[in-house]
Amino acid sequence: MAEGGPDEGSAPPTPSMSSLPLAALNVRVRRRLSLFLNLRAHVAADWTALAEEMGFEYLEIRRLETHADPTGSLLDDWQGRPGASVGRLLELLGKLGRDDLLMELGPSIEEDCQKYILKQQQEASEKPLQVDSVDSSIPRTRDPAGITICDDPLGQMPERFDAFICYCPSDIQFVQEMIRELEQTNHRLKLCVSDRDVLPGTCVWSIASELIEKRLARNATSRLSLHSASLQVPIRSD
């Protein structure tokens, strides 16, 4: 009879006891292991023999001898070492000939392992779904780079000017006269006036240097003094 493949909607394989960490064993099982292994007997391997199989050195074992529950302390120390697992513990107990322990504690160990597996599966199911290919921290589009009304928002073709007008609010009437004189007559200059041409929300002083150094046709500075306060007007020089 041909073997059928796994169903498409089948659940992921359940981890075996051999791969579970020693943390899967609860206090009840650990205490019962201590009752068997803390006893020093010539006819059966005790906790010191188990410690040697786990790779503990002589001085480490002597230190554990001072503990009230050396088996419990041994398990606590071993579970943080590489290779420690429930399956490895059962393998070492079998190697030491402690089949009596395996027979006595086998059902309790299996019960603890099943509880541990169910808890891990429950915690995994409660985690929010995260698709690896989606990362909200990576911008998908470039932020607008424009600083003036007619700027290219992608920054490919910045708006350019013939002059950048620096003025204070009290000079606004004179600025309007400059607009009429320099833009609406034969001069046909293109002026940058912050209240008219700069996008709202930008700091005029922080972008003034860019407008003057990079956005003017030529970098020349003139000083115009009329009936109003002195105005610095970087303009194009022909």
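The structure this text deals with has already been given above.
A. Quick peek at the packing of helix α5 (residues 86–95) against helix α6 (residues 99–126). Interhelical geometry of α5 versus α6 gives an angle of 170° and a closest axis separation of 10 Å. Comparing their axes, α6 and α5 come out roughly antiparallel. Contact residues: V86, L90, L93 and G94 in α5; D99, L101, L102, I109 and C113 in α6. Counted by class, the contact of α5 with α6 contains seven nonpolar, one polar and one charged residues.

B. The pattern of salt bridges, seen in detail. Following the criterion strictly, the structure yields 14 salt bridges and no others. Its salt-bridge partner being D100, residue R98 comes within 3.0 Å of it at the nearest N-O pair. By relative accessible area, D100 is classed as partly exposed at 38%. Among the salt bridges present, the one from K190 reaches E159, with a minimum N-O distance of 3.0 Å. Highlighted residues: K190 in the loop between α7 (172–183) and β2 (191–193) and E159 in the loop between α6 and β1 (163–165), separated in sequence by 31 residues. Among the residues examined, K190 registers a relative accessible area of 36% and is labelled partly exposed. Linked through salt bridges whose partners overlap, the residues forming this network are R40, D46, R62 and E65.

C. Representation of the packing of aromatic side chains within the structure. Within the structure shown, the criterion is met by zero aromatic pairs. The lysine or arginine in question, K190, covers the ring of F161, its NZ or CZ lying 5.3 Å from the ring centre.

D. Looking closely at α5. Along α5, the residues that are buried comprise V86, G87, L89, L92 and L93. Of the surrounding elements, those touching the buried residues of α5 are α1 (27–37), α2 (47–54), α4 (70–78) and α6. Looking one or two residues beyond α5, the residue adopting positive phi is G97, at roughly 80°.

E. Structural detail: the side chain of D46. Position of D46 among the secondary structure elements: in the loop between α1 and α2. A residue is classified by how much of its surface remains accessible, and D46, at 8% relative accessible area, is buried. A polar side-chain atom of D46 sits 2.7 Å from a polar atom in the side chain of R40. Among the polar contacts made by the side chain of D46, one reaches the side chain of T48 at a distance of 2.5 Å.

F. Representation of the nonpolar core within the structure. Ranked by internal contacts, the top residues of the largest apolar core, which has 27 residues, are L33, L50, M54, F56, L74, W78 and L89. Contributions of two or more residues to this core are made by α1, α2, α3 (58–65), α4, α5 and α6. Those residues in contact with F56 that sit more than four places away from it in its chain are A51, I61, L64, L74, D77, W78 and R81. Formed by ten residues, the second largest nonpolar core is a distinct cluster that contains A163, Y167, V175 and L191.

Calculation rules
- Residues numbered from 1 in each chain as written.
- Predicted model: local features only at pLDDT ≥ 70, side-chain atom pairs only at ≥ 80, totals over all residues.
- Heavy atoms only, no water.
- Axes fitted to C-alpha atoms, helices over the stretch in contact; angles between N-to-C directions.
- Helix = DSSP H or I, 4+ residues; strand = E, 2+ residues; numbered from the N terminus.
- Parallel < 35°, antiparallel > 145°, perpendicular 65-115°, else oblique.
- Contact = heavy atoms within 4.5 Å.
- Nonpolar A, V, L, I, M, F, W, Y, C, P; charged D, E, K, R; others polar.
- Salt bridge = Lys/Arg side-chain N within 4 Å of Asp/Glu carboxyl O.
- Buried < 20%, exposed > 50% of the residue type's maximum accessible area, 1.4 Å probe, protein only.
- Phe/Tyr/Trp six-rings, centres within 6.5 Å; stacked < 30°, edge-to-face > 60°.
- Lys NZ or Arg CZ within 6 Å of the ring centre and 35° of its normal.
- Polar contact = N/O pair within 3.5 Å; in protein donor to acceptor, adjacent residues only side chain to side chain.
- Core = buried A, V, L, I, M, F, W, Y, C linked by side-chain atoms within 4.5 Å.

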